[in-house]
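So you can see what is in the structure, the chains are spelled out below.
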Amino acid sequence: MDKIRINGGRPLSGEVLISGAKNSALPCIAATLLTAEPVWLQNAPRRVRDVTTIILLLEHLGINASWEGDVLRLEADSIDEFEAPYDMVKTMRASVLVLGPLVARFGKAVVSLPGGCAIGARPIDMHLKGLEALGATISIEHGYVNASANKLRGAHYRFPNVTVTGTENLVLAASLAEGETILENCAIEPEVGDVIALIRKMGAKITGDDKSTLRIQGVAALHGAEHSIIPDRIEAGTFLMAGAITGGKIAVKRCCPEHLTAAIGKLEENGCRIERGKNEILIESPEVLKPADVETQPYPLFPTDLQAQYMAVMTQAAGISTIHETIFENRFMHVGELQRMRADIKIHGHIAEVHGRTPLSGASVMATDLRASASLILAGLVAEGTTVIQRVYHIDRGYERIEEKLRGLGAHIERIS
Ligand code: EPU
């Protein structure tokens, strides 16, 4: 199994190019099940493992997928399988995104229940209740969701809580339902907006009173389209934090600064000097970072997917920072590993109290999930000595060649077998 080895202590400098967003590519790829015509997705993050996984799942269902550079062509004209098996879903929860499109276009879907994962229980009850509101019959047997419907019907559904993939699943399903669907309390993450932009190009009729209320006028069929995936705001935020933690000065290019307002605001509060361009962000870290308090919340507030990385940065701030995780019940798995690197962090329920600045000390550590691995890499970049991160397959799920990109910024980092 591969590991990542880092010799820390070097400020980063230079430019880094951001890839297409994983969490946008996944629902966009699932959306191509809604039409028999080909769809071309540009700027798809080809080397992200989760993208490979969802393509394998769609190929299992009968889709034709091919790459030309970073353009992914998908054609769902011969779907002959309607089951997403446990072995595939267990490796990636976002597999549940095939549920809405399959039941909307083919009237049936069998999808393994994802089960818990490293960051919490993560139920899919809102996906299922929403589909039931659209007229699907849902039963759960032997660990699988069975969904069927002669034809989905437009309905009024209010999400009790904000759910990103739940919103995406229902928008995809409602686009082929008969009549109008009104969805309230929708997630407004840029990735949701991106999949809506794609299916509008495919002929879906979607408007929003404001963005959290969506009105979807179902159509009989959707058609092919071309679409470019938005840049990955979490990858961009991770590199900004790499600049901040190492005392560096870097340009994060090919990103959308407006998608990172909350994270940039925090880094400015920490004393970083940040310049926003149209598609780039320049960050210069101060000599000493100031502490700050942060609470994870749905977009546009501070994202849970940057919480672990920000915690690593706060170990280098002079003073006490608090980090409140409100989205997932168990997203502090990186804390124990950061403590092994001599970070001073105390956990009180869902709040982590980070006492800085502590010089970190390189160690052998274990990645537990995608963003936890990114946090450990950031810690390794500033730690004295060598850090070896095990189970790096977690990082490959969501970052394209992160070690190569960091090496381009002057980090001493390599992948070892
Ligand atoms: N929830 C329910 N019931 C549901 C759905 C969600 O109780 O039916 C709860 C979850 O357990 C969680 C909260 O609602 O406590 C929010 O979960 P959400 O459904 O929004 O998460 P998700 O759609 O499963 C996506 C991203 C995650 C990201 C979260 C929150 C994708 C493929 N995944 O997950 O990304 O953390 O939204 O922003 O879009 C990552 O990239 O590392 C990652 C975990």
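The following paragraphs examine the structure supplied in this document. Counting of residues starts from 1 at the beginning of each chain's written sequence and follows it residue by residue. A pLDDT threshold of at least 70 governs which residues receive local features in this predicted model, and a stricter bar of 80 or more applies before side-chain atom pairs are shown or counted, although totals over entire chains, interfaces and linings include all residues. Side-chain descriptors were evaluated using all non-hydrogen atoms of the structure, hydrogens and water having been removed beforehand.

**So, the overall build of the protein chain**
Right, on to step 1. Starting at the N terminus, helices and strands are each numbered in turn, a helix being any DSSP run of H or I of at least four residues and a strand any DSSP run of E of at least two. Check the secondary structure of the protein chain and you find 14 helices and 24 strands.
Right, on to step 2. With C-alpha atoms as the basis for the radius of gyration, the globule rule is written as 2.2 Å multiplied by the number of residues raised to the power 0.38. In terms of overall dimensions, the protein chain is globule-like: its C-alpha atoms have a radius of gyration of 21 Å, near the 22 Å expected for 417 residues.
Right, on to step 3. Each principal axis of the C-alpha distribution contributes one length, and for the protein chain these read about 60 × 45 × 45 Å.
Right, on to step 4. Considering the protein chain as a whole, with its 417 residues, one finds that 57% of them fall into the buried category.
Right, on to step 5. By the convention used here, residues are in contact when the closest approach between their heavy atoms is within 4.5 Å. For the protein chain, long-range pairs separated by at least 24 residues make up 72% of all intrachain contacts whose partners lie at least 6 apart in sequence. Working definition: with a 1.4 Å probe on protein chains only, accessible area under 20% of the residue-type maximum means buried, over 50% means exposed, and in between means partly exposed.

**With respect to the site of the ligand**
Right, on to step 1. Nearness is defined per residue: one heavy atom within 4 Å of the molecule or strand is enough. Residues in close proximity to the ligand total 21 residues, the closest being D125, T163, T165, D305 and I327.
Right, on to step 2. Throughout this description, a polar contact denotes any pair of N or O atoms lying within 3.5 Å of each other; where both atoms belong to protein, one of them has to be capable of donating a hydrogen while the other can accept it, and for residues adjacent in sequence the pair is counted only when both atoms sit in side chains. N23 is positioned such that a nitrogen or oxygen atom in its side chain is 3.1 Å from an oxygen atom of the ligand.
Right, on to step 3. In the model, an oxygen atom of the ligand is placed 2.7 Å from a nitrogen or oxygen of the M126 main chain.
Right, on to step 4. Summarising the interface, the protein chains cover 85% of the accessible area of the ligand, which totals 830 Å² for the free molecule.
Right, on to step 5. If you list the elements that add at least two residues to the shell around the ligand, you get α1 (22–31), α5 (125–133), α6 (164–174) and α12 (370–382).
Right, on to step 6. Tallied by class, residues from the shell around the ligand come to 10 nonpolar, 5 polar and 6 charged. Using a 1.4 Å probe, accessible areas were evaluated by the Shrake-Rupley method; residue-level cover was limited to the displayed protein chains. Nonpolar residues are Ala, Val, Leu, Ile, Met, Phe, Trp, Tyr, Cys and Pro. Charged residues are Asp, Glu, Lys and Arg, and all others, Gly as well, are polar.

**What about the sheet that holds strand β19 (residues 319–324)?**
Right, on to step 1. In short, DSSP must find at least two bridges between two strands for them to pair. Read across the sheet, 4 strands follow the order β18-β19-β21-β20 without closing on themselves; strand pairing throughout is mixed. Edge positions in the sheet fall to β18 (294–295) and β20 (344–348), since each of these pairs with one other strand and no more.
Right, on to step 2. Inspection of the sheet shows β18 paired to β19 by 2 bridges, in the parallel sense. Residue pairing in the sheet places V294 in a bridge with I323 of β19.

**Topic: the side chain of D305**
Right, on to step 1. For D305, the location among the structural elements is in the loop between β18 and α10 (307–314).
Right, on to step 2. The exposure class of D305 is buried, given its relative accessible area of 16%.
Right, on to step 3. A polar contact is formed between the side chain of D305 and the side chain of R331, at a distance of 2.7 Å.

**Things to note about the environment of A133**
Right, on to step 1. On the secondary structure map, A133 appears in helix α5.
Right, on to step 2. Accessibility expressed as a relative area gives 32% for A133, which makes it partly exposed.
Right, on to step 3. With 128 residues separating them along the chain, A133 and T261 place their C-alpha atoms 35 Å apart.
Right, on to step 4. Setting aside residues no more than four positions away along its own chain, A133 makes contact with R153, A155 and Y157.

**Things to note about the pattern of salt bridges**
Right, on to step 1. One speaks of a salt bridge when a side-chain nitrogen belonging to Lys or Arg is within 4 Å of a carboxyl oxygen belonging to Asp or Glu. Going through the model one piece at a time under the given rule, you end up with 23 salt bridges.
Right, on to step 2. D50 is paired through a salt bridge with R397; the nearest N and O atoms lie 2.8 Å apart. Of this pair, D50 sits in helix α2 (residues 49–61) while R397 sits in the loop between α13 (393–396) and α14 (402–407), and the two are 347 residues apart along the sequence.
Right, on to step 3. A relative accessible area of 25% means that R397 is categorised as partly exposed.
Right, on to step 4. For D396, the salt bridge identified is with R415, shortest N-O distance 2.7 Å. Taken together, the positions of D396 in helix α13 and R415 in strand β24 (residues 412–416) put the pair 19 residues apart, joining distant regions of the chain.
Right, on to step 5. On the basis of relative accessibility, which here comes to 14%, the residue D396 falls in the buried class.

**Observations regarding the state of the cysteines**
Right, on to step 1. We call a pair of cysteine sulfur atoms a disulfide when they lie within 2.5 Å. Applying the stated criterion across every chain yields a total of 0 disulfides.
Right, on to step 2. We note that C28 lacks a disulfide partner, and the nearest cysteine sulfur, in C256, lies 14 Å from it.
Right, on to step 3. Judged by its relative accessible area of 0%, C28 is buried.
Right, on to step 4. In this model C256 remains outside any disulfide bridge; the closest cysteine sulfur is found in C255, 7.0 Å from its own.

**Concerning the sheet that holds strand β16 (residues 273–276)**
Right, on to step 1. Across the sheet, 4 strands lie side by side as β2-β15-β17-β16; this open sheet has mixed pairing. Whereas interior strands pair on both sides, the edge strands pair on one side only; in this sheet they are β2 (13–17) and β16. Going across the sheet, the axis of each strand differs from the next one's by a mean of 15 degrees, ignoring polarity.
Right, on to step 2. Sheet analysis places β2 next to strand β15 (residues 249–253), joined by 5 bridges and oriented parallel. What sits directly across from E15, in β15, is A251.
Right, on to step 3. Only the stretch in contact is used when a helix axis is fitted, and all axes are lines through C-alpha atoms; the angle between N-to-C directions ranges over 0 to 180 degrees. Most of the contacts of helix α8 (residues 233–246) go to β15, to which it runs at about 170 degrees, and overall it touches β2, β15 and β17 (280–284).

**Considering the environment of G265**
Right, on to step 1. Looking at where G265 falls in the secondary structure, it is placed in helix α9 (residues 261–269).
Right, on to step 2. Residue classification places G265 among the partly exposed positions, given a relative accessible area of 28%.
Right, on to step 3. Counting along the chain gives 236 residues from G265 to I29, while the straight-line C-alpha distance between them is 32 Å.

**As for helix α4 (residues 99–106)**
Right, on to step 1. Counting buried residues in α4 gives 6 out of 8 residues, a clear majority hidden from the surface.
Right, on to step 2. Within α4, the full set of buried residues consists of L99, G100, P101, L102, V103 and A104.
Right, on to step 3. Note on α4: the residue one or two positions beyond its end, G107, has a positive phi of about 80 degrees.

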